[in-house]
Amino acid sequence: MAKILLTGGAGYIGSHTYLALVEAGFEVVIFDNFSNAKPDVPSRLQDISGDAVHVIQGDVLNRDELAAVFDAHQIDGVVHFAAKKAVGESVEKPLEYIHTNVGGLLNLLSAMDGAGVRRIVFSSSATVYGDTDVQPIPEDHPRTYTSPYAYTKIAGEQILEQLNDDWAVGILRYFNPVGAHQSAMIGEDPSDIPNNLVPYIAKVATGDLEQLAVFGDDYDTPDGTGVRDYIHVEDLANGHVLSIKSLLETGSSHTVNLGTGEGSSVLDVVRAYGEACDQDLNYKIAPRRDGDVAVLTARPTKAKEELGFEATRSLADMCRSSWAWVSGQRRNSK
Ligand code: UD1
C-alpha cells in the first residue's frame, strides 16, 4: 500500500486525516513541529487506530529535516497541512505567515523533487475567494486576498500551478471545518480564546467563557447573522483520502471546494449546539467583525464529479461530535 507523508499531521485536520488514511489502508508518516498540536495526539491516534503511529518531530522550515524524511522513507505522496492559519494573527505577523506558509511549501516541494515524489495535496481555503456575492462559489471564481493569510494560500496555489506535468497536485479549498472524531478522543483544542465560532460556543457550553458575541445581525441573510458552509472534519478528512487516491491513480491534478453546499447562520449553529449539549447558550448581538462577509458557501459539485466527494454529516452531527469531545476532555481534566 502507498506510503503518505502528512506534514502537520498532529493538528486538527491532519489528525483526522491520519485516521481516514489509515482506515483506507495507507501507510502514513506524520511530520509535525507540534507548534499547534498537543504532544499526546500521536498516542491518542495509536489508541484509536490500534497500530503504532510513525511520527517525526520536524519543521518544514528546516530543509535538512525534510530531506531526511525522504531519505528514510519511500514516500509515494504528500498531504501538506503544516502551516499557520489564524487570519487575525497574519495581519500582525505577515512575514511569519509568508515565511512559514510559502517558504515551508517551497522547501517541501524541493525535498519532494529531490526524492522524485511528485504527488501533493495542498490545504487551501475558501478564503481565496475573498468577499463575493457569488454564492455558492464555483472553483473558477477569481481569487483575491483580504489578509496575509489569504495571500499565502493564493501564493501556494499559484506556485503549485507552475509545476510541470511530472507533478499531480490536489488543491483543496476548505470551507468551515468543525466537529470532532467519532471516538471523541481527538478534536479541535485551542489553548487561547478561540476566534472561530464553534470552538468559542464550545467554551460557552463548558462554562469556560461566559457569553458568545454574535458578530452582527444586520447582514442580508434570513436571520441577519453571517452564513457559512460548515463541514464535519471527518467528511473533510475523507476528501483528502479521495484526493491523494486520485493523484496516485490518475496522475492528473484537481482544484476543488470541500464544503456541503449548505449555509447555516450563526444563530442556526447556536441552536444546533444548544440541542447537542442540552443547554440554552448565552449570547448577545455585537457589532460586525472587521473583514467578515455575509455569506460564504461552496458549490460542491466539482468535488463530487472529479473525486466522488460528498459530505454526509449534518450540522447536528458536527455539534454533537464537538460536544462529545469537549465535554469528555473537561471530565478527564477534573
Ligand atoms: C475563518 C477565517 C477563514 C478560515 C476559517 C477556518 C476569518 C475572517 N476567516 O472563517 O479564513 O478558513 O475561519 O475555520 O477569520 N462568529 C461570531 N462570533 C464569534 C466567532 C464567529 O458571531 O465569536 C461568526 C462570524 O461572524 C461568522 C461565523 O461566526 O459569521 C463563522 O466565523 P468563524 O468560525 O470565525 O469562521 P470564518 O470567519 O467564516
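Residues numbered from 1 in each chain as written. Predicted model: local features only at pLDDT ≥ 70, side-chain atom pairs only at ≥ 80, totals over all residues. Heavy atoms only, no water.

(A) View of the overall build of the protein. Helix and strand counts for the protein stand at 11 helices and 14 strands. The C-alpha radius of gyration of the protein comes to 19 Å, within 12% of the 20 Å expected for a compact globule of 334 residues. Based on the C-alpha atoms only, the size of the protein along its principal axes is roughly 55 × 45 × 40 Å. Classification of the 334 residues of the protein by burial places 51% in the buried group. A fraction of 79% describes how many contacts in the protein between residues 6 or more apart in sequence connect residues 24 or more apart. For the protein, the accessible surface area stands at approximately 15200 Å², while carbon and sulfur atoms represent 45% of it. A distance of 2 Å separates the average location of the 27 positive side-chain charges in the protein from that of its 47 negative side-chain charges. (Helix = DSSP H or I, 4+ residues; strand = E, 2+ residues; numbered from the N terminus. Rg over C-alpha atoms; globule rule 2.2 N^0.38 Å. Buried < 20%, exposed > 50% of the residue type's maximum accessible area, 1.4 Å probe, protein only. Contact = heavy atoms within 4.5 Å. Areas by Shrake-Rupley, 256 points an atom, 1.4 Å probe, with all protein chains shown as cover. Lys, Arg positive; Asp, Glu negative; His and termini not counted. Charge placed at Lys NZ, Arg CZ, Asp CG, Glu CD.)

(B) Representation of the packing of helix α1 (residues 12-23) against helix α8 (residues 233-250) in the model. Where α1 meets α8, the axes come as close as 8 Å, and the angle between the chain directions of the two elements is 60 degrees. Looking at the two axes, α1 sits oblique to α8. For the element pair α1 and α8, the recorded crossing hand is right-handed. On α8, the residues touching Y12, I13, H16, T17, A20 and L21 of α1 are V233, E234, L236, A237, N238, H240, V241 and I244. (Axes fitted to C-alpha atoms, helices over the stretch in contact; angles between N-to-C directions. Parallel < 35°, antiparallel > 145°, perpendicular 65-115°, else oblique. Left-handed = near helix turned anticlockwise from the far one by under 90°.)

(C) Looking closely at the nonpolar core. Among the nonpolar cores identified, the biggest contains 37 residues, and L6, Y18, L21, F26, L45, I244 and L258 are the most heavily contacted of them. Only β1 (3-7), α1, β2 (27-32), α2 (41-49), β6 (168-174), α8, β11 (254-258) and α10 (301-307) provide two or more residues apiece to this core. Apart from the residues within four sequence positions on either side, L258 is in contact with L172, R173, Y174, F175, I231, L236, G239, H240, A303 and F309. Among the nonpolar cores identified, the runner-up in size contains 26 residues, and V178, L197, A202 and C277 belong to it. (Core = buried A, V, L, I, M, F, W, Y, C linked by side-chain atoms within 4.5 Å.)

(D) The sheet that holds strand β12 (residues 264-265), seen in detail. Spatially, the 3 strands line up as an open sheet ordered β12-β9-β14, and their pairing is mixed. A single partner strand is all that each edge strand has here, and the edge strands are β12 and β14 (295-296). As defined by bridge partners, strand β9 (residues 227-228) adjoins β12 across 2 bridges and the pair is classed as antiparallel. Its bridge partner lying in β12, R228 is registered against S264. (Pairing = 2+ DSSP bridges.)

(E) Structural detail: the site of the ligand. Taken together, 19 residues form the shell around the ligand, and within it L197, A213, F215, R228 and D292 come nearest. Within the side chain of R228, an N or O atom sits 2.6 Å from an oxygen atom of the ligand. About the coverage of the ligand: the protein hides 86% of its 740 Å² of free accessible area. At the level of elements, β7 (176-178) and β8 (212-215) are the ones that each hand at least two residues to the shell around the ligand. Here the element with the most residues in the shell around the ligand is β8; it accounts for 4 residues. Taken together, the residues that form the shell around the ligand break down as 10 nonpolar, 6 polar and 3 charged. (Near = heavy atom within 4 Å. Polar contact = N/O pair within 3.5 Å; in protein donor to acceptor, adjacent residues only side chain to side chain. Nonpolar A, V, L, I, M, F, W, Y, C, P; charged D, E, K, R; others polar.)

(F) How the structure looks around the pairing of β8. Only one face of β8 is buried: it carries L212 and V214, and the other face, with A213 and F215, is open. As paired elements, β8 and strand β13 (residues 283-286) share 4 bridges and run parallel to each other. Along β13, the bridge assignment pairs L212 with Y283.

(G) Representation of the packing of aromatic side chains within the structure. Under the defined criterion, the tally for this structure stands at 3 aromatic pairs. Consider the rings of Y129 and F175, whose centres lie 6.4 Å apart with planes at 35 degrees: the pair is tilted. Here Y129, found in the loop between β5 (119-125) and α6 (148-161), pairs with F175, found in the loop between β6 and β7; they are 46 residues apart in sequence, far enough to count as distant. The buried category is assigned to Y129, whose relative accessible area is 0%. With a relative accessible area of 5%, F175 lands in the buried category. On the numbers, 5.3 Å between centres and 80 degrees between planes, the contact of Y145 with Y151 is edge-to-face. Above the face of the Y219 ring, R288 is positioned so that its terminal group lies 4.0 Å from the ring centre. (Phe/Tyr/Trp six-rings, centres within 6.5 Å; stacked < 30°, edge-to-face > 60°. Lys NZ or Arg CZ within 6 Å of the ring centre and 35° of its normal.)

(H) Here's a closer look at a nonpolar patch on the surface. A grouping of L95, I98, Y145 and Y151 is seen on the molecular surface, where their side chains present a nonpolar patch of about 420 Å² in accessible area. Here Y145 shows up in the loop between β5 and α6. (Patch = residues over 30% accessible without salt bridge, like charges linked within 9 Å, V, L, I, M, F, W, Y side chains within 5 Å. Salt bridge = Lys/Arg side-chain N within 4 Å of Asp/Glu carboxyl O.)

(I) Spatial organisation of α6. Along its 14 residues, α6 runs 20 Å from first to last C-alpha, staying within 8% of the 20 Å computed at 1.5 Å per residue. For α6, the set of buried residues is Y149, A150, T152, K153, I154, A155, G156, E157 and L160. Contacts from the buried residues of α6 go to α4 (87-92), α5 (94-115), β5 and β6. (Expected span 1.5 Å × (residues − 1).)

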